[in-house]
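Below are the chains, spelled out letter by letter.
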Amino acid sequence: MASSTVVEVDIRGSLPKVASGKVRDLFAVDEQTLLFIASDRISAYDVVMENGIPGKGALLTQMSVYWFQYLKDHIPTLQTHFLSRSLPKALESLDRPLYEALESRSMQVKRLEIVPIESIVRGYITGSAWSEYKKSGTVHGIALPSGLVEGQKLPTPLWTPSTKAEAGEKDENISPQRAKVIIGDEKVAADVERLSLEIYLVAAARAEEAGIILADTKFEFGLDRANGNAVVLVDEVLTPDSSRFWPKDTWEAHLGKAQPSFDKQFLRDWLTSNGLKGKEGVTVPTDIVEQTAQKYKEACELLTGKKA
Ligand code: ATP
Ligand code: MG
């Protein structure tokens, strides 16, 4: 299992499964704790591909853990769901190769109630924001100056949330006002917005040192009811699945068109150019799998400064 591609996570029934997302499987360690396991599954346009990207789950875990630590060091008041990288006792009887393969892709996290929006921050205009701007001059309903080109840096980073769709549905871009209504609590909504922008700025500065532009990224937050309703950073963070990473040195030359990127844009482009965008049951060809794996690895190594 160590070197193979893990599409189905198998912990031999050691713990009860709480949920399966497009990429992760969540198991209950106890009432307060989850085992959060990243598979090698990859989704694009909200559809999961039939085959996975070897090494991806471990890379995403390594990057998230790096960022949780980095962000805590730079934003002392920030709370995150990260608890530990070790596996719980319940998995100790698994055979070594399986145990080690699981360990490389897992973290234990605080089990929380999830704030029901995707907290996106955009520093640059691209993707669905660019599509909306071309039509209406707005981004998530926010009016922007005219004359922006694709890939341009926004005057200031914007909090541009989306809905958190049920499995099989598509996330939908919404205005900050609408997100506040969905969240339903003014203080929580204000904390989510403020923390998202703060984390974006800290992370974008770190990425820039590594020669990477953090064009946009998506955060999720949890609510710690037992702890004064604290708003806690959860999920994965600042990975190529949740972010657009562009090489800084080629950005300017690509203004007004698509940017090369260290993330799943490459897979999205392959799907689109083959008429497979949004289609179920797609098997990604070996060369596209390999190139995607290479891009994820490069992002991980550049950002964390460690060999992946
Ligand atoms: P979906 O759940 O809609 O399929 P996804 O495909 O992005 O989203 P994954 O990344 O595969 O999901 O799985 C992670 C899931 O775990 C998400 O639903 C996320 O909201 C949830 N989650 C993240 N952190 C926590 C936490 N600390 N407590 C409870 N749930 C969490
Ligand atoms: Mg996710």
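Residues numbered from 1 in each chain as written. Chains lettered and ligands numbered in written order. Predicted model: local features only at pLDDT ≥ 70, side-chain atom pairs only at ≥ 80, totals over all residues. Heavy atoms only, no water.

A. Up close: the site of ligand 1. Near ligand 1, the surroundings consist of 18 residues, among which Lys22, Val23, Arg24, Lys110 and Glu220 are the closest. One of the backbone N or O atoms of Val23 is found 2.7 Å from an oxygen atom in ligand 1. With respect to ligand 1, the side chain of Glu220 contributes an N or O atom lying 2.6 Å from an oxygen atom. Relative to its unbound accessible surface of 610 Å², ligand 1 loses 86% to contact with the protein. Those elements giving two or more residues to the shell around ligand 1 turn out to be strand S2 (24-30), strand S3 (33-38) and strand S7 (106-110). If you count residues domain by domain, the shell around ligand 1 takes at least three from each of domain 1 (17-112) and domain 2 (114-304). (Near = heavy atom within 4 Å. Polar contact = N/O pair within 3.5 Å; in protein donor to acceptor, adjacent residues only side chain to side chain. Areas by Shrake-Rupley, 256 points an atom, 1.4 Å probe, with all protein chains shown as cover. Helix = DSSP H or I, 4+ residues; strand = E, 2+ residues; numbered from the N terminus. Domains from an automatic or database assignment.)

B. Quick peek at the packing of helix H6 (residues 265-273) against helix H7 (residues 286-304). Contact geometry of H6 with H7 gives a least axis separation of 9 Å together with a crossing angle of 155 degrees. Relative to H7, the element H6 lies roughly antiparallel. Counting all contacts with H6, which are made through Phe266, Leu267 and Trp270, the residues of H7 involved are Ile288, Gln291, Thr292 and Lys295. (Axes fitted to C-alpha atoms, helices over the stretch in contact; angles between N-to-C directions. Parallel < 35°, antiparallel > 145°, perpendicular 65-115°, else oblique. Contact = heavy atoms within 4.5 Å.)

C. Structural context of the pattern of salt bridges. Applying the stated criterion across every chain, the model contains 22 salt bridges. Note that Arg225 is salt-bridged to Glu113, the shortest N-O span being 2.8 Å. Of the two residues, Arg225 is situated in the loop between strand S14 (212-224) and strand S15 (230-234) and Glu113 in strand S8 (residues 113-114); the sequence distance between them amounts to 112 residues. Two residues, Arg244 and Asp216, come together in a salt bridge whose shortest N-O distance is 2.8 Å. One end of the pair, Arg244, is in strand S16 (residues 243-247); the other, Asp216, is in strand S14, with 28 residues separating them in the sequence. Given a relative accessible area of 14%, Arg244 falls into the buried group. Sharing partners across several salt bridges, the network here consists of Glu118, Lys164, Lys218 and Glu220. (Salt bridge = Lys/Arg side-chain N within 4 Å of Asp/Glu carboxyl O. Buried < 20%, exposed > 50% of the residue type's maximum accessible area, 1.4 Å probe, protein only.)

D. Quick look at the packing of aromatic side chains. Here the structure, examined in full by the defined rule, presents eight aromatic pairs. Each ring, one from Tyr66 and one from Trp67, has its centre 5.3 Å from the other, and the planes form 75 degrees; the classification is edge-to-face. The class of Trp67 is buried, set by a relative accessible area of 1%. Site record: aromatic cluster; members linked through ring pairs are Tyr66, Trp67 and Tyr70. Positioned over the ring face of Tyr99 is Arg96, at 4.3 Å from the centre of the ring. Stacked on the ring of Phe266, the Lys or Arg Lys295 has its end atom at 5.1 Å from the ring centre. (Phe/Tyr/Trp six-rings, centres within 6.5 Å; stacked < 30°, edge-to-face > 60°. Lys NZ or Arg CZ within 6 Å of the ring centre and 35° of its normal.)

E. Molecular detail of the packing of helix H1 (residues 56-74) against H7. As a packed pair, H1 and H7 sit with axes 10 Å apart at the nearest point and diverge in direction by 20 degrees. Taken together, the axes of H1 and H7 are roughly parallel relative to one another. Seen from above, H1 lies across H7 with left-handed handedness. Contacts from Lys56, Leu59, Leu60, Gln62, Met63, Tyr66 and Trp67 in H1 reach Tyr296, Lys297, Ala299, Cys300, Leu303 and Thr304 in H7. (Left-handed = near helix turned anticlockwise from the far one by under 90°.)

F. Expanded view of H7. For H7, built from 19 residues, the straight-helix expectation of 27 Å at 1.5 Å per residue is met to within 8% by its first-to-last C-alpha distance of 27 Å. The complete set of buried residues in H7 reads Ile288, Val289, Thr292, Ala293, Tyr296, Ala299, Cys300, Leu303 and Thr304. The arc that holds the buried residues of H7, viewed along the axis, is 135 degrees, so those residues lie on one side. Exposed residues on H7 whose side chains face more than 90 degrees from its buried face are Thr286 and Glu290. Backbone geometry just after H7 places Gly305 at a positive phi near 70 degrees. (Expected span 1.5 Å × (residues − 1). Arc of directions from axis to C-beta.)

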